[in-house]
Amino acid sequence: MTDPHETIRWGHDALELEISLGEPGPPRLVRLGAPGEKTSTPRPGAPLPLVEVTTAGLGRHWSGRHLVNSVLGARLRHRSHRASRDGDWHVLTVELHEPETGLTAEAVYRSMDGLPVLRSEVLLRNEGAQTLHLESVGSLVAGCLTRGDPAALDNAELLWAENEWFAECRWQRLPLRVSSPERNGRFHTTAGRSTRVVAGQGVWSSCGRLPMGGLTDRESGRTWLWQIEHNGGGWRWECGVRDDTAYAALYGPDDADHGWRHPLEPGAEFRTVPVALAFCADGGPDGAFGALTRYRRATRRPHPDHRRLPVIFNDYMNCLMGDPTTAKLLPLVDAAAEAGAEYFVIDAGWYDDGDNWWPSVGAWEPSTSRFPGPKGIHEVLDRIRERGMVPGLWLEPEAVGVNSPVARSLPEEAFFRRDGRRVEEGGGRYHLDLRHPAARAHLDGVVDRLVGEWGVGYLKLDHNTDPGSGTSSHPGEAPAAGLLGHNRAHLDWLEAILDRFPDLVIENCASGGMRMDHALLSRLQLQSTSDQQDLLRYPPIAAAAPTAVTPEQGAVWAYPLPEDSPDEVAVTMANALLGRIHLSGRLIELSPNARDLVHEAVAVHKSIRADLPQALPAWPLGLPGWEDPWIALALHTPATTYVSAWRRSGEQVVRDLDLPHLVGSDVHVEVLYPSSSRAATVWHPDTAKLALTLPTAPSAVLLRLTRSPAKGS
């Protein structure tokens, strides 16, 4: 029997956790944070169980919107645990068992040396004689976020990000007490039913909201941020109060939100989607986002693109808009090369012989009417190479249009189906199920032809339709379970592509930022941040994008138009300078002055891009609001800080930018872009504030702040 006083203490110099194994009751996470932190002692049994599981026969002790307080979670008991090392990673596996059902759960925690981030997933195994019909499984349950301190609950604020087409990464902040009000008075209660629930739906992982959340103390700055590393909309998190402490529970798909059910047969296993929890003791959300940025870099697939950061021209946004032809593309290729682009991507429509590219996707053969002549599309691809750029193409691999021959050549089982019928969505689209070998073989053939035979070096993988709850192609399968299977097959397919073509650059896109998740970004090189066409609506998206994607992976459109004023051209170019430039727009028609502003911006970006893969983000004016007249984003390395600042509207010409990491430092401030800017700056080292003047609106500026050498050095 487990010693009732036994505690697992595990971690490293940046993060430590304690798990109480004491009987009676299940193992519980009782402390998580910085080593040596003072913590209130929780009452016995106060935090939630280490693993929460519900099945069709065993639900929760206390009904409500929450999924915690599960019967099975409370009955799981410690069986063993082991700590190990995997390179720089510390690994802790805690095995739990429930003898009546035979359910075994392995909670697997990983954390990297020097990084205050915990990665977690749970492996379930049925060692019993009866099938267990799973309805929810928590990937991580942390019942100790405010360390048993009731007073801290009044200072706690929830963070989450609304995320819609054209309006991505809109972070919100609300007191935890709004969703979990204080109910104690004459009578004390510890359980309650209230909690804040945020969940995704469908195949888009970030449609509606990012698969992220957080909890911050507005006084101390102690902050938690979490992300669910899943490439579909079947995810959920909840954050509330139990036993006078805040908790967070992170899930993949579940029955309550997604209709997910999974029969766990005797001897079978099920693994949850991985999640990550980042911590900052006193630096507020900026510090926690910095930790999460470092974690994202440490857990992604290595690729040379993450270091090179080439400039990409794409012919779509505010440019050809899905109507490419040889005649239109050839002069654009020349203009893009002159501007300094290093990749040139032909976007949607290159395969369509009619005037509607939407329902014809699927075969990915080049149009002969758009690209006439003996060489067809290869005339354009060759011109791209002749101008020193790498050619790229747009694909929407999971979609098959109703007018495509592929819709008739592949078997029914290769598509999403429900109730025995093929799912059609989005005005003429079917959806491939990548678990089926015919679907995967078809897409492998397409990629091998375009990349292996044509020499295409960049694929923009888009996804513009949501076929709903999922697919029940297999007998008795819940659609959400079929969707999870497809999501995992999708990741496996992407891994295999990059195994075959390790230098291929793949952009992740889904109607802009509708698939902005770490499951995909840990494998793919770039993320489309938005389809926003308004240069003045893009700044809050561009500034907030590093909350969801590392700066060197965040692709931002820069699309100058002939009718734009010089200030507007500078704004649209500045939008992208601290991310990845996705150059577009009608470059050929620009005035010489506007063209010079474009060329200058590209040159400035190339001069600083070597710093971006090591830089951490911060927000000198706070996370941007959608209507904020002033917006600012900083990226900082130990020696250098870059600041993009936008004044979109209003009468206020001066703002103080807060840069606390530079407090007490003498710094040299330079205006990098545009060189014609009339911006003025005054640095206050004691308060670490930069007074920035932007005389006109709209306008934008990129600054570089360099620490001055210490006196006498």
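Just so it is clear, the model here is predicted, and its values are computed rather than measured. (Residues numbered from 1 in each chain as written. Predicted model: local features only at pLDDT ≥ 70, side-chain atom pairs only at ≥ 80, totals over all residues. Heavy atoms only, no water.)

1. Thoughts on the pairing of strand β11 (residues 167-175)
- Summarising the sheet, strand β10 (residues 156-164) and β11 pair through seven bridges and their orientation is antiparallel. Across the sheet, Trp160 pairs through a bridge with Gln172, a residue of β11. (Pairing = 2+ DSSP bridges. Helix = DSSP H or I, 4+ residues; strand = E, 2+ residues; numbered from the N terminus.)

2. Overview of the sheet that holds strand β1 (residues 7-11)
- Taken in spatial order, the three strands line up as β1-β2-β3 in an open sheet, and their pairing is antiparallel. On the outer flanks of this sheet lie β1 and β3 (28-33), each paired with one strand and no other. Each neighbouring strand pair of the sheet contributes to a mean axis angle of 15°, computed without reference to strand direction.
- Note: strand β2 (residues 16-20) against β3, five bridges, orientation antiparallel. Bridged to Leu17 within β3 is Leu32. (Axes fitted to C-alpha atoms, helices over the stretch in contact; angles between N-to-C directions.)

3. A few points about the sheet that holds strand β39 (residues 689-693)
- Pairing is antiparallel in the open sheet, where three strands are placed in the order β36-β39-β38. On the outer flanks of this sheet lie β36 (654-658) and β38 (680-684), each paired with one strand and no other. The sheet shows a mean angle of 20° between the axes of neighbouring strands, taken without regard to direction.
- Sheet topology note: the β38/β39 ladder contains five bridges and is antiparallel. Its bridge partner being in β39, His684 is matched across the sheet by Lys689.

4. Quick notes on the pattern of salt bridges
- All told, the structure shown has 53 salt bridges when counted by the stated rule.
- The salt bridge partner of Arg435 is Glu477, with a shortest N-O separation of 2.7 Å. Within this pair, whereas Arg435 is found in the loop between β27 (429-431) and α11 (437-453), its partner Glu477 is found in the loop between β28 (458-461) and α12 (479-500), the two being separated by 42 residues in sequence.
- When its relative accessible area of 16% is taken as the criterion, Glu477 is described as buried.
- Each member of the salt-bridge network shares a partner with another, and the members are Arg79, Glu95, Glu106, Arg125, Glu127 and Glu269. (Salt bridge = Lys/Arg side-chain N within 4 Å of Asp/Glu carboxyl O. Buried < 20%, exposed > 50% of the residue type's maximum accessible area, 1.4 Å probe, protein only.)

5. Re the nonpolar core
- Counting 130 residues, the largest nonpolar core has Phe313, Phe344, Ile346, Trp350, Met573, Tyr673 and Leu702 as the members making the most contacts within it.
- What Phe313 contacts, discounting residues up to four positions off in sequence, is Cys319, Leu332, Ala336, Ala341, Tyr343, Phe344, Val345, Leu583, Ser584, Gly585 and Leu587.
- Membership of the second largest hydrophobic core comes to 61 residues, among which are Val53, Leu72, Leu92 and Phe270. (Core = buried A, V, L, I, M, F, W, Y, C linked by side-chain atoms within 4.5 Å. Contact = heavy atoms within 4.5 Å.)

6. Brief notes about the packing of helix α15 (residues 566-574) against helix α16 (residues 592-608)
- With their axes 10 Å apart at the nearest point, α15 and α16 run at an angle of 25° to one another. One way to sum up the angle between α15 and α16 is to call them roughly parallel. Read as a crossing pair, α15 and α16 show a hand that is right-handed. Residues Pro566, Val569 and Met573 of α15 pack against Asn593, Ala594, Leu597, Val598, Ala601 and Val602 of α16.
- Tallied by class, residues from the contact of α15 with α16 come to eight nonpolar, one polar and no charged. (Parallel < 35°, antiparallel > 145°, perpendicular 65-115°, else oblique. Left-handed = near helix turned anticlockwise from the far one by under 90°. Nonpolar A, V, L, I, M, F, W, Y, C, P; charged D, E, K, R; others polar.)

7. Details of helix α9 (residues 378-386)
- Along α9, the positions that sit buried rather than exposed are Val380, Leu381 and Ile384. An end-on view of α9 places all buried positions within 100° of arc, on one side of the element.
- Where α9 is buried, its residues meet α8 (326-339), β22 (343-346) and β23 (390-395).
- Positive backbone phi, at 80°, marks Gly388, one or two positions downstream of α9. (Arc of directions from axis to C-beta.)

8. Thoughts on the packing of aromatic side chains
- All told, the structure shown has 17 aromatic pairs when counted by the stated rule.
- Seen in terms of ring centroids, Trp350 and Tyr351 are 5.7 Å apart; in terms of plane orientation they differ by 80°. Their pairing is edge-to-face. A single burial state applies to Trp350 and to Tyr351, both of which are buried.
- Ring centres of Trp364 and Trp394 lie 5.9 Å apart, and the angle between their planes is 65°; on these two criteria the pair is classed as edge-to-face. With Trp364 in the loop between β22 and α9 and Trp394 in strand β23, this pair connects stretches of sequence that are 30 residues apart. In terms of burial, Trp364 and Trp394 fall into one category: buried.
- Through pairs of rings, three or more aromatic residues link up here, namely Trp350, Tyr351, Trp364, Trp394 and Trp454.
- Over the ring of Trp160 we find Arg196; its NZ or CZ atom is 4.2 Å from the centre of that ring.
- When the ring centre of Trp358 is taken as reference, the NZ or CZ atom of Arg429 above it lies at 3.7 Å. (Phe/Tyr/Trp six-rings, centres within 6.5 Å; stacked < 30°, edge-to-face > 60°. Lys NZ or Arg CZ within 6 Å of the ring centre and 35° of its normal.)

9. Digging into the packing of α11 against α12
- Between α11 and α12, whose axes approach to 11 Å, the crossing angle comes to 30°. Judged by the inter-axis angle, α11 sits roughly parallel to α12. Two packed elements cross with a definite hand, and for α11 against α12 that hand is right-handed. Seen from α11, the contacting residues are Arg440, Leu443, Asp444, Val447 and Asp448; seen from α12, they are Ala489, Asp492, Trp493, Ala496, Ile497 and Arg500.

10. Remarks on the pairing of β1
- Of the two faces of β1, only the one carrying Ile8 and Trp10 is buried; Thr7, Arg9 and Gly11 on the other face are not.
- The pairing of β1 with β2 spans five bridges and is antiparallel. Bridge pairing in β2 links Ile8 to Ile19.
- Turn length for the β1-β2 hairpin, with the two strands adjacent in sequence and antiparallel, is four residues.

11. Examining the confidence of the model for the protein chain
- Counting all residues, the mean pLDDT for the protein chain is 95, and 96% of those residues have values of 70 or more.
- Mean pLDDT across the elements of the protein chain bottoms out in helix α2 (residues 150-155) (87) and peaks in strand β34 (residues 630-636) (99). (pLDDT = per-residue confidence, 0-100.)

12. Structural notes on α11
- The end-to-end C-alpha distance of α11, which contains 17 residues, comes to 22 Å, matching closely the 24 Å that a straight helix rising 1.5 Å per residue would cover.
- For α11, the full list of buried residues reads Ala439, His442, Leu443, Asp444, Val446, Val447, Arg449, Leu450 and Val451.
- Each element contacted by the buried residues of α11 is listed here: β23, α10 (406-409), β28 and α12.
- Positive backbone phi, approximately 80°, marks Gly455, located one or two places after α11. (Expected span 1.5 Å × (residues − 1).)

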